[in-house]
Structure formats: C-alpha cells, structure tokens
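Chains, contacts and geometry: an overview
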Amino acid sequence: LVSFSVSNYRSITSAYKLPIRRPTVLIGPNNEGKSNILRALVASLKFLATLGGVRLRNDRITSVMRSRETFDWTRDFPVSLQSKSPEGETVFELEFRLSEAEVDEFRADVRSRLNGTLPIQLRFGVNESKLIVQKQGMGGTTLTRKAEVIARFVARHIHIAYIPAVRTASAAT
C-alpha cells in the first residue's frame, strides 16, 4: 500500500492521497481526525480482505455481505451530511504498488497486465458497496469486471492487525 484517500467518513470530508510508508506516523492536535483516518484505512483493508471469500454480482457487494462492524452507513457516513445526501457514499481509494513477482502472479491469476500499480476504489452507500479498479483507459473497465478475482488476489496479500489506542486491559490482551 503506497497511498490512501478517503472522503465522507465520520469527521473526514476529504483526505487525498495520504502517503503510506514504513513507518507511517500520524501527528496532530486532538480531534483533528487521526483516529478516523486510521479507522477508515482499517475498514477498507478489512473489507478487501473479506472479499477474498465473497462472490460478487455485477462487480458489487451488497450490504448484506458486508459486516456492520466494518462499515455502517448511519455510524460512518458524516452525520451532518446524512439528511442532505441520503444516498451519499463514503469513498476509500487505495493504491498498491506490486513487486515484479506480484505483477507476474496478478497476470497469472487475473489474466490482465498491470504496470505495477493497482488502484482500487471502494464505495459504500446506504445499501450497496462497489469495488472499482481505477486504471486509466479501457483496461480499467476490464479490470473492474474482474473484481472478484482481483479481490481474491488482494485478500491473499493483506494481513492486518488493528489494536485501538483506547482499550480496556482485557481488550489489549
């Protein structure tokens, strides 16, 4: 993962192309959205990880298949926008950079070529979720039609462990 963007998630209206490196540190005053950036990143990665075992229909994952703890529109879409935009969406954009071996594995699994970059957009609405591969040109449409295979590819490579900063002693254990 090399960059992450989020719009319309909890207190965040827009955070564009945040660079992700080893390590990545979020610094800032209290109540500026650092925890919500981290929650958004964790939610998007968990959602992608769970897609590896989900069958997609028409490149979409219905709300029945997504866990409410991963994304719940009434909790996670900004409350201030819910009445103004009752059909509003939260959007996560993740950009992955693949090694040469991963590019070869992607080509074998998905039967499509990549230049080493895999940009994925996740859109969460009230009742549906969408996975879109954001490649420029005709290749993007073809890749989005292969969302199920791409989700499985990404899910095999994601390992996430999130430990919230605020927790009870038993939760920390």
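Residues numbered from 1 in each chain as written. Predicted model: local features only at pLDDT ≥ 70, side-chain atom pairs only at ≥ 80, totals over all residues. Heavy atoms only, no water.

Some remarks on the packing of helix α1 (residues 34-51) against helix α6 (residues 147-157)
As a reminder, the rule being used: Fitted lines through C-alpha atoms serve as axes, helices being fitted only where they are in contact, and the angles separating the N-to-C directions of these axes extend from 0 to 180 degrees. The helix and strand labels rest on DSSP assignments: H or I over at least four residues marks a helix, E over at least two residues marks a strand, and numbering proceeds from the N terminus. Just so you know how the angles are binned, under 35 degrees is roughly parallel, over 145 roughly antiparallel, 65 to 115 roughly perpendicular, and the rest oblique. Left-handed describes a crossing whose near helix is turned anticlockwise from the far helix through less than a right angle; right-handed describes the clockwise counterpart. Two residues form a contact once any of their heavy atoms are found within 4.5 Å.
Relative to each other, α1 and α6 sit at 115°, their axes nearing to 7 Å. As summarised for this structure, α1 and α6 are arranged roughly perpendicular, according to the angle between their axes. Handedness of the α1/α6 crossing: left-handed. Residues Leu48, Ala49 and Leu51 of α1 touch α6, and the partners they reach there are Ala151, Arg152, Val154 and Ala155.

Re the packing of aromatic side chains
Inclusion rule: Aromatic pairs are defined between Phe, Tyr and Trp rings, using the six-membered ring for Trp, whenever the two ring centres lie within 6.5 Å; interplanar angles under 30 degrees are classed as stacked, those over 60 as edge-to-face, and all others as tilted. Note on classification: 1.4 Å probe, protein chains only; a residue is buried when its accessible area is under 20% of the maximum for its type, exposed when over 50%, partly exposed between these limits.
A complete count under the given rule lists seven aromatic pairs for this structure. Relative to Phe124, the ring of Phe47 lies with its centre 4.8 Å away and its plane at 75°, an arrangement referred to as edge-to-face. Highlighted residues: Phe47 in helix α1 and Phe124 in strand β5 (residues 117-124), separated in sequence by 77 residues. Its relative accessible area of 3% is what places Phe47 among the buried residues. Relative to Phe124, the ring of Phe71 has its centre 4.7 Å away and its plane inclined at 20°; by these criteria the two rings are stacked. With a gap of 53 residues between them, Phe71 in the loop between β3 (60-62) and α2 (73-76) and Phe124 in strand β5 connect regions that are remote in the sequence. These aromatic residues form a ring-pair network of at least three members: Phe4, Tyr9, Phe47, Phe71, Phe92 and Phe124.

Regarding the pattern of salt bridges
We count it as follows: In what follows, salt bridge is the name for a side-chain nitrogen of Lys or Arg lying within 4 Å of a carboxyl oxygen of Asp or Glu.
Counted under the stated rule, the structure contains nine salt bridges. The salt bridge involving Arg75 is made with Asp76; its shortest N-O contact spans 2.8 Å. Under the relative-accessibility criterion, Asp76 is labelled buried at 0%. With a closest N to O distance of 3.9 Å, Lys130 and Glu128 form a salt bridge. Put simply, Glu89, Arg123, Glu128 and Lys130 are held in one network by salt bridges that share partners.

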